[in-house]
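Next come the chains, spelled out residue by residue.
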Amino acid sequence: MPSKTARSPLPLAFTLGDAAGIGPELIVRLFAEGLPHPAVVYGDAGTLARTCQNLGLSDRLQIRTLDHPGAGTTGGIIGVLNRWQALPADLPLGRPDPRAGRGAYEYLCHAIDDAQAGYLRALVTAPLHKGAMHAGGIDFPGHTEILAERTGTADYAMMLANEELRVLLVTIHIALADVPAAINQAAETRAIQLAQLACRQSGIARPRIAVAGLNPHAGEGGVFGNEEARHIMPAIEQARAQGLDVSGPWPGDTIFMRARQGEFDIVVAQYHDQGLIPVKYLGLDEGVNVTVGLPFVRTSVDHGTAFDIAGQGLADPASLRAAMRMALRMTASD
């Protein structure tokens, strides 16, 4: 994997996501603001050109088709790389379409391959729609699992972050009924180590890691469950023995507030909604999704395709802007 310093001159990559959602508008609006670093978009050039026209930005932005990411583009030019087929001009907006779903997958895979090859500084993804992707013949729960499989990454985790809170998940896209069986010492240890890595990549030299319990009151000494004693606490003790500053398990109803107040740098949450609700409650505008453990940095918006407002000129690029800034910060030169 190239060093951060070696990767810095390379372009930042955006993926279009689902073309029937708000991804194209987010990207066009962000490029219209002016980017702090050269970039390339993996997606459909026609979709982006039509989006520019619909937003009244055709006079400010030029679409340029690329065969290779190269050094990327800047200064009012959106460089677009698409190794898949072109999407139809009459693709309906605001509802799932298998062509848009398959396209989102193809754009992501091609960006992953180029990042793996060392052509990209980091990857920033716009939202895809799982139902549309499935209709297009791709059976993955979401971005995270595609990224992990295509890069051959076994140890990975999802982190959601904003300026007030960082949360990393032990389990991700599984049914709540399946969570207790997925909680074990190895999974907890892996999550704690990835939380350490995420904070170090964000410039925190000695992260303070808090681990949330699975059960109410972190099990209340075994009254409400024994996952804390059997699996979570042994992992915490193992991490401490390795020199990590980690504590818990803490009750899930108070630990996020304590972290937000500055007592901890990151919280390890046990399941999807336990960790994501606190971050999203603080607002979707600045939330960023980070896949930790990949051979390159990947960040994403903290929201979905928003089909209800697609094509209406109402999408706010704040989360994509925050994702871009975090990707640049995590790949800054030493």
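The following paragraphs examine the structure supplied in this document.

## Regarding the packing of helix α4 (residues 98–116) against helix α6 (residues 143–151)
- At a minimum axis distance of 10 Å, the contact between α4 and α6 shows a crossing angle of 45 degrees. Classified by the angle between their axes, α4 and α6 sit oblique to one another. Crossing handedness for the pair α4 and α6: right-handed. Where α4 abuts α6, its residues Y105, L108, C109, I112, D113 and Q116 lie against H143, I146, L147, R150 and T151.
- Across the contact of α4 with α6, the residue classes tally to 6 nonpolar, 3 polar and 2 charged.

## Details of the nonpolar core
- With 92 residues, the main nonpolar core has L12, F14, I27, F31, I78, L168 and I192 as its most contacted residues.
- A per-element tally of this core places α4 first, with 9 residues.
- Every residue in contact with F14, bar those within four places of it in the chain, is listed here: I27, L30, F31, L35, A39, V40, V41, Y42, V124, L320 and M324.
- Of all hydrophobic cores here, the second largest spans 16 residues; its members include I172, I255, F256 and V267.

## Quick notes on helix α11 (residues 272–281)
- Burial in α11 covers these residues: Q274, G275, L276, P278 and V279.
- Tucked into the core, α11 has its buried residues touching β6 (157–161), β7 (166–169), β8 (208–212), α10 (255–260) and β10 (266–269).

## Here we look at helix α9 (residues 227–241)
- Over its 15 residues, α9 runs 21 Å from end to end, which matches the ideal 21 Å to within 8%, given 1.5 Å per residue.
- By the largest-angle criterion, M233 marks the main kink of α9, which is about 30 degrees, and a proline, P234, follows within four residues.
- Where α9 is concerned, the buried positions are E227, E228, H231, I232, A235, I236 and A239.
- Residues of α9 that are buried sit in contact with α7 (179–182), α8 (185–201), β8 and β9 (245–250).
- Positioned one or two residues after α9, G243 has a phi angle of 95 degrees, which is positive.

## What to know about unusual backbone geometry
- The omega torsion across G248 and P249 is -5 degrees, close enough to zero to call that bond cis.
- In this fold, P249 is placed in strand β9.
- Phi is positive for H217, which is not a glycine, with a value near 60 degrees.
- On the secondary structure map, H217 appears in the loop between β8 and α9.
- For A306, which is not glycine, the phi dihedral falls at a positive 50 degrees.
- Looking at the element boundaries, A306 is found in the loop between β12 (298–301) and α12 (318–330).

## Quick notes on the sheet that holds β7
- The mixed open sheet is built from 12 strands, whose spatial order is β3-β4-β2-β1-β5-β12-β11-β6-β7-β10-β8-β9. The strands lining the two open edges of the sheet, one partner per strand, are β3 (62–66) and β9. The average undirected angle you get between the axes of adjacent strands in this sheet is 25 degrees.
- In this structure, β8 lies alongside β9, joined through 4 bridges in parallel fashion. Considered in β9, the bridge of A212 is made with W250.

## Here's the deal with the pairing of β8
- Most of β8 is tucked away: 4 of the 5 residues are buried.
- With α9 bridging β8 and the parallel β9, this β-α-β connection has right-handed handedness.
- In this sheet, β10 lies alongside β8 in parallel orientation, the contact comprising 3 bridges. Residue pairing in the sheet places V211 in a bridge with V268 of β10.

Calculation notes
- Residues numbered from 1 in each chain as written.
- Predicted model: local features only at pLDDT ≥ 70, side-chain atom pairs only at ≥ 80, totals over all residues.
- Heavy atoms only, no water.
- Axes fitted to C-alpha atoms, helices over the stretch in contact; angles between N-to-C directions.
- Helix = DSSP H or I, 4+ residues; strand = E, 2+ residues; numbered from the N terminus.
- Parallel < 35°, antiparallel > 145°, perpendicular 65-115°, else oblique.
- Left-handed = near helix turned anticlockwise from the far one by under 90°.
- Contact = heavy atoms within 4.5 Å.
- Nonpolar A, V, L, I, M, F, W, Y, C, P; charged D, E, K, R; others polar.
- Core = buried A, V, L, I, M, F, W, Y, C linked by side-chain atoms within 4.5 Å.
- Buried < 20%, exposed > 50% of the residue type's maximum accessible area, 1.4 Å probe, protein only.
- Expected span 1.5 Å × (residues − 1).
- Bend = angle between axes of the 7 residues up to and from the residue.
- Pairing = 2+ DSSP bridges.
- Right-handed = clockwise from strand over helix to strand, strands pointing away.

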